[in-house]
Amino acid sequence: MAPSSSALAGARPGLEPQALVTAVRNMAGTPVLVLGDVMLDHYLAGEVERISPEAPVPVLQVESERHLLGGAGNVARNIAALGGKPVLVSVVGDDDPGRAIGGLLAKEDIPSHLLVEPKRQTTIKTRIIARNQQLVRVDREQIRPVEGGSLEGLRAILAELLPRFAMVVVSDYGKGVVNQAVMDALRQTMAGMPSPPKVLVDPKVVNTAVYAGVDVLTPNAKEAGEMAGFKVQGQAGVIKAGLALFKRLRCKQLCITLGPEGLALFEAPGLVVHVPTVARKVFDVTGAGDTVIASLALGLASGLDLTQAGVVANFAAGIVVGQVGTATASPEEVSAAILAQPAAEVETWLNIA
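Everything in this summary refers to the structure shown in the same document. (Residues numbered from 1 in each chain as written. Predicted model: local features only at pLDDT ≥ 70, side-chain atom pairs only at ≥ 80, totals over all residues. Heavy atoms only, no water.)

1. Section: the overall build of the protein chain
Tallying secondary structure elements over the protein chain gives 10 helices and 15 strands in all. In terms of C-alpha radius of gyration, the protein chain reaches 20 Å, essentially the compact-globule figure of 20 Å for 353 residues. Taking the principal axes of its C-alpha atoms as reference, the protein chain extends roughly 65 × 50 × 40 Å. Classification of the 353 residues of the protein chain by burial places 55% in the buried group. Long-range pairs, those at least 24 residues apart, make up 71% of the contacts in the protein chain with a sequence separation of at least 6. Accessible area for the protein chain stands at about 15,100 Å²; split by element, carbon and sulfur atoms hold 54% of it. Averaging the locations of the 31 positively and 34 negatively charged side chains of the protein chain gives two centres separated by 4 Å. (Helix = DSSP H or I, 4+ residues; strand = E, 2+ residues; numbered from the N terminus. Rg over C-alpha atoms; globule rule 2.2 N^0.38 Å. Buried < 20%, exposed > 50% of the residue type's maximum accessible area, 1.4 Å probe, protein only. Contact = heavy atoms within 4.5 Å. Areas by Shrake-Rupley, 256 points an atom, 1.4 Å probe, with all protein chains shown as cover. Lys, Arg positive; Asp, Glu negative; His and termini not counted. Charge placed at Lys NZ, Arg CZ, Asp CG, Glu CD.)

Written as structure tokens, this is what we have:
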């Protein structure tokens, strides 16, 4: 069959609103192992009413301050919010941000295995916000691959935990927890399992080579282009980049996030489905990719195919971008959003049989 672009809304079983709501309900209790870079998200929010006399910059009058789980921690938080049962595996420093992350995980009742590396600085991102608009972000971090005792610790933890899970999310923010040695340990452990888990990866371009053979890769359009070696432009560019990634990495499926354009789901190299965004307002895209991969993991683990899971993820992301900061979506919110639409709008971008 030649490449095509045709509507699929309502044509596929499982995309009807009530079927999707049932799928969201069935995600409850699904276990997911999350491996990756955990961070501390720090927010200072307030009002700006004047410019500093010291320099031409706004002066923020702070009205609130909060700390949230970021990076892989936000993926785990999204899984928990949607009713899943995440377990987080990561590395932190022996510092106040690392201890704060441990406290937040305990407060949100998310089981974790946090290795403490004394000479490592825990990543903390401070976002300064005025009237729902981010003014500036300040990062404090140390970027280097985990090695030595931390690497051996991760290997031991993966060997212990992997047999308990059907789904693993690798959340790579390029801080060092995800590297070739860690991915090799993941593969080696799974090689000895009769029913190894599926592995979903939210990638970082610098680590492209380490993702070979994973089940699902979830880059955004810019990352997909950089990983493929060219700039992505339009529908044809997205398809070209996806096909290049299949060839380079031999991954089984792809989900390329397109920001305001929704998702491109590669069920196979010859079948690409587009899911338009359902977001009605966009305040902050921070963490939207975390929401997408969390929803995909839960959907796939509970028996959905990639398109069904992608449609649910699209609704969840549409809720999150309408909030400020690293946010989450609940099953009730996602279900209400699904029922507010007459049918899931999906379209075939490529279908080569």
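2. Focus on the environment of Ile101
Tracing the sequence through the fold places Ile101 in helix H3 (residues 96–107). Here the alpha-carbon distance between Ile101 and Met39, two residues 62 residues apart in the chain, equals 7.4 Å. The residues touching Ile101, leaving out its near neighbours within four places in the chain, are Val38, Met39, Leu40, Leu69, Val92, Leu114 and Thr122.

3. Points about the packing of helix H6 (residues 221–228) against helix H7 (residues 234–249)
Two numbers describe how H6 lies on H7: the axes approach to 9 Å, and their chain directions differ by 50°. The angle between H6 and H7 falls in the class oblique. The two elements H6 and H7 cross, and the hand of that crossing is left-handed. Of the residues in H7, those in contact with Ala224, Gly225, Met227 and Ala228 of H6 are Ala241, Ala244, Leu245, Arg248 and Leu249. Split into classes, the residues belonging to the contact of H6 with H7 amount to seven nonpolar, one polar and one charged. (Axes fitted to C-alpha atoms, helices over the stretch in contact; angles between N-to-C directions. Parallel < 35°, antiparallel > 145°, perpendicular 65-115°, else oblique. Left-handed = near helix turned anticlockwise from the far one by under 90°. Nonpolar A, V, L, I, M, F, W, Y, C, P; charged D, E, K, R; others polar.)

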